[in-house]
Amino acid sequence: MSMNVTFRQLKVFEAVARRLSYTKAAQELFLTQPAVSMQIRQLEENIGLPMFEQLGKKIYLTEAGKELYHYSRVIAQQLDEVEEILEEIKGVRRGRLSVAVASTANYFATDILAEFSRKMPSLTLSLEVTNRERLLELLEHNEKDIVIMGKPPEHLDLEAETFMDNPLVVIAAPHHRLAGQAHVPLEALREETFVVREAGSGTRIAMERFFEENDIHIQTGMEMTSNEAIKQSVMSGLGLGIVSIHTVAMELETERLAVLDVETFPILRHWYVVHRHGKRLSPVAEEFSQFVLENAAKIWPMPPYPHHLA
Ligand code: PGA
């Protein structure tokens, strides 16, 4: 069976069936009563069955009408929803934006988002903070508008632009024997225990690669799934940590943590704004991505760390 039913016919039908009145449906839809009757007549012709029967002054849904009403309500709801979405996509100022950032990037991402939403007060924003592995999954399934992460992988077809350095440094409790010491040789780290991030973390991957390349075998102690947990453990003297400088700005300022001056450090990574290649960005996502590229480094100045490390 081929049904040449139009969206318009369905919309009119839904209103008539709900109100059980041509006149009330016409008022609701800002149409004339004959226009409504005509839409229903065409619908019935297209389907080949009557949708209503008239008994006296009242109309009733036929068996077929009841079936169609059930589905037309669902369809009408979805049409309203898509209409709303399309309106939002058209109007940059009323947009929705869904962003995912690496847990390490969250330390500056919220400031950037705050600044951006000041420009666009009616923005509805959702932010997911997670590790690199999960970010790759989100990109693969095209679930976010924009992702902020460390170096994007080659195997996904992505558009990525870098906007800021991301130095990974060695942190220690301020009273640690190596704290304040200049030019600590890399070799000295062999004797130290490290508190490390979980396997899916970009920081962890970069750290392992670095030690492998420099032929240093370090002792890893506890493994933790957040930068905060690493920082707390290092403060408590559980070991050294390797984290992005962005995660420790506050603790360096208040001298609750120290960055060690270890030779060949920092491990220099970069931050990228990323989305799937070929994805059609909404105007607000486009604007946000541009905003990050142009303003991130200004909004979030690099925290000071031993200057000769740079
Ligand atoms: P994370 O950081 O996965 O360690 O949170 C992101 C990255 O540096 O890639």
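In what follows, the structure referred to is the one given above.
Because the structure is a prediction, the values reported are computed rather than measured.

Asks: Is there a simple way to explain the pairing of strand β1 (residues 52-55) in this structure?
Replies: Note on strand geometry: in a regular strand, side chains alternate between the two faces of the sheet. With four bridges connecting them, β1 and strand β2 (residues 58-61) associate as antiparallel partners. Residue pairing across strands places Gln-54 opposite Ile-59, the latter belonging to β2. Here β1 folds back onto β2 in antiparallel fashion, the turn holding two residues, of which Gly-56 has a positive phi close to 65°.

Asks: Where do I start with a nonpolar patch on the surface in this structure?
Replies: There is a patch of nonpolar side chains on the surface, built from Val-82, Ile-85, Leu-86 and Ile-89 and spanning about 300 Å² of accessible area. Inspection of the secondary structure assignment puts Leu-86 in helix α4 (residues 63-90). Leu-86 gets classed as partly exposed once you look at its relative accessible area, which sits at 47%.

Asks: Explanation requested: the nonpolar core in the structure shown.
Replies: Among soluble globular proteins, nonpolar side chains are generally buried collectively. Judged by nonpolar contacts, the single largest core of 39 residues is most densely connected at Phe-108, Phe-116, Phe-163, Phe-288 and Val-292. Only β3 (96-102), α5 (106-119), α6 (132-140), β5 (146-149), β6 (158-172), β11 (267-276) and α10 (283-299) provide two or more residues apiece to this core. Each residue touching Val-292, except ones within four places of it in the same chain, is listed here: Ile-112, Ile-148, Phe-163 and Val-273. If you look at the next biggest cluster of nonpolar residues, it comprises 22 residues, including Ala-188, Leu-189, Phe-211 and Ile-218.

Asks: It is not clear to me how unusual backbone geometry should be interpreted in this structure. Could you clarify?
Replies: The phi angle of most residues is negative, glycine excepted, and most peptide bonds adopt the trans form. Following Phe-265, the chain continues into Pro-266 via a peptide bond in cis, with omega recorded as 5°. Structurally, the position occupied by Pro-266 is in the loop between β10 (258-259) and β11. The phi angle at His-183 is positive, at roughly 50°, despite the residue not being glycine. The topology assignment puts His-183 in the loop between β6 and β7 (193-197). Assessed through its relative accessible area of 56%, His-183 is described here as exposed. The phi angle at Glu-255 is positive, at roughly 55°, despite the residue not being glycine.

What counts and how
- Residues numbered from 1 in each chain as written.
- Predicted model: local features only at pLDDT ≥ 70, side-chain atom pairs only at ≥ 80, totals over all residues.
- Heavy atoms only, no water.
- Pairing = 2+ DSSP bridges.
- Helix = DSSP H or I, 4+ residues; strand = E, 2+ residues; numbered from the N terminus.
- Patch = residues over 30% accessible without salt bridge, like charges linked within 9 Å, V, L, I, M, F, W, Y side chains within 5 Å.
- Areas by Shrake-Rupley, 256 points an atom, 1.4 Å probe, with all protein chains shown as cover.
- Salt bridge = Lys/Arg side-chain N within 4 Å of Asp/Glu carboxyl O.
- Buried < 20%, exposed > 50% of the residue type's maximum accessible area, 1.4 Å probe, protein only.
- Core = buried A, V, L, I, M, F, W, Y, C linked by side-chain atoms within 4.5 Å.
- Contact = heavy atoms within 4.5 Å.

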